[in-house]
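Descriptive structure summary
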Amino acid sequence: MYAEILSDKLNSLKESGQYREFVTINRICGQYPLAKLNGKEDEQSVVVWCSNDYLGMSQHPVVTAAMHDAIRLYGAGSGGSRNIGGTHYHYTLLESSLADWHGKEAALVFPTGYSSNDATLQCLLRLFPNCIVFSDELNHASIINGIRSAKADRAIFRHNDVDHLEELLASQPRNRAKIIVFESIYSMDGDIAPIEKITNLASKYNALTFLDEVHAIGMYGPRGAGMAAELGVADRIDIIQGTMAKAIGVIGGYIASSALLIDAVRSFASGFIFTTSLPPAVVAACYASVEYLKSSDKERKELHRKTIMLRETLTQAGIPVMQSSETHILPVLIGDAKKCKAAAQRLLEKHKIYLQPINSPTVPIGTERFRVNVTPNHTEEQILQLTDALKEVFHYFDIPFAQSAADVY
Ligand code: PMP
């Protein structure tokens, strides 16, 4: 009976074209964005166009050297949770560096960005009696999960719709505890939240603000401190959350906030307390990467320059880059799950281009897409090669080209 239920569930995923298959891909150090398929070193290289290693920091010599040095000195694992032997001194360095980055009193590191959202929201929503959370409808699964697990009252506002958010806030008593949770850059559409307007509403209705800056840190704002910093409103955000798995190029998540709030989360969040801490070498690599990105503008400038070039080249070729995108995340609309998957397969086999299909439930049915990111490491030649390859697969599978900008939402 159990096996039958599981097979049925998987079969229905396969029939709808939503079944996910892993591609074994070895990104060889020093060669990014090139990678080898199937773990075979003698295989022809493919060009990776969908990695969250946005600045190529996972292979940066400063970061890999820090990791090597720390492994030699401290070994592979941390040996315990933060409370039971797992607080290596690199944690102290990293947390002070993160707090300084965001202009906050303190920071707290978690094993992943996912767990930092999940554990913090679950914890805060339980600590504040009768708290209600206001959450953007496109928030990431880790936010949704944290909110659901807390079983707090929730009000979901339409994506980036401040009027709707205000309507929902105004319907609650002023003295009721409230947290507004949103992202600065949304990962599948590449659009930016109206951060300042949301902070104004938070002040007006006496709410805390929790901002996920996962897709912004390292790339936007002075010293790469994120989109709130770019817009000059970081001091008006109560809790900034980030990841060290994307632009920072390693792994781990964190929150930065007041010393009091960090102490409370550290003391009460079970997703923080009851898990083994990251290995010292990982924390050392994160620290090296954050410190480097604070002082170097080179990588982010290249990222933005090449994003403009890629957007223009694709648009001129009629490839439908979704107009929602205002950032380095360029969603290319395919609009059909099966075609999206088949196009990805052809890009890989014929053109040696690696782009994962993005299907439901990550994006709504009918808006299946490729999520394309250029990095400082991609060349102009690779940008032209991607454009030609996309044109070929669009023709091959009869995927609609953009007739005009208005066509592409
Ligand atoms: N927040 C957002 C908006 C994300 O897109 C992701 C992951 N893609 C996470 C949080 C989780 O971060 P991590 O991968 O570090 O667990």
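As shown above, the structure is provided for reference.
Computed from a predicted structure; not experimentally measured.

The rules behind these values
Residues numbered from 1 in each chain as written. Predicted model: local features only at pLDDT ≥ 70, side-chain atom pairs only at ≥ 80, totals over all residues. Heavy atoms only, no water. Axes fitted to C-alpha atoms, helices over the stretch in contact; angles between N-to-C directions. Helix = DSSP H or I, 4+ residues; strand = E, 2+ residues; numbered from the N terminus. Parallel < 35°, antiparallel > 145°, perpendicular 65-115°, else oblique. Left-handed = near helix turned anticlockwise from the far one by under 90°. Contact = heavy atoms within 4.5 Å. Nonpolar A, V, L, I, M, F, W, Y, C, P; charged D, E, K, R; others polar. 1 Å grid on protein atoms, 1.4 Å probe; cavity = no way out; pocket = protein on both sides within 12 Å on 5 of 7 lines; lining within 4 Å. Points joined across faces, edges and corners; volume = space filled by probe spheres on them. Buried < 20%, exposed > 50% of the residue type's maximum accessible area, 1.4 Å probe, protein only. Pairing = 2+ DSSP bridges. Phe/Tyr/Trp six-rings, centres within 6.5 Å; stacked < 30°, edge-to-face > 60°. Lys NZ or Arg CZ within 6 Å of the ring centre and 35° of its normal.

**A few points about the packing of helix 2 (residues 61-74) against helix 11 (residues 280-295)**
Closest axis-to-axis distance for the helix 2/helix 11 pair is 8 Å, and the angle between their directions is 150°. The orientation of helix 2 with respect to helix 11, classified from their angle, is roughly antiparallel. Where helix 2 crosses over helix 11, the two elements pack in a sense that is right-handed. Residue-level inspection shows Val62, Val63, Ala66, Met67, Ala70, Ile71 and Tyr74 of helix 2 in contact with helix 11, the latter providing Pro280, Ala281, Val282, Ala284, Ala285, Ala288, Ser289 and Tyr292. Within the contact of helix 2 with helix 11, the residues separate by chemical class into 14 nonpolar, one polar and no charged.

**Thoughts on empty space enclosed by the protein**
Rolling a probe over the atoms, with the probe sized like a water molecule, indicates the empty space that remains. Tallied over the entire structure, the rule returns one cavity of 30 Å³ or more. Looking at the largest cavity, the residues that line it are Arg82, Tyr91, Val109, Phe110, Pro111, Phe272, Thr275, Thr276 and Ser277. Among the residues forming the lining of the largest cavity, the class breakdown is five nonpolar, three polar and one charged.

**Observations regarding the pairing of strand 10 (residues 253-257)**
Across the five residues that make up strand 10, a large majority, five, are buried. Alignment of strand 4 (residues 106-110) against strand 10, held across five bridges, turns out to be antiparallel. Considered in strand 10, the bridge of Leu108 is made with Ile255. In the sheet, strand 9 (residues 239-243) pairs with strand 10 via four bridges, with the strands oriented antiparallel. What sits directly across from Gly242, in strand 10, is Tyr254.

**Digging into the packing of aromatic side chains**
Counting across every chain of the model gives three aromatic pairs. Seen from their ring centres, Phe394 and Phe401 are 5.3 Å apart, and the 55° between their planes marks the pair as tilted. For Phe394, a relative accessible area of 1% translates into the label buried. Summarising the aromatic geometry, the rings of Tyr396 and Phe397 are spaced 4.9 Å apart at their centres and angled 80° between planes, so their arrangement reads as edge-to-face. Of note, Arg82 hangs over the ring of Tyr91, and the distance from its end group to the ring centre comes to 3.9 Å.

It is worth stressing that arrangement in space is one thing and function is another; only the former is reported here.
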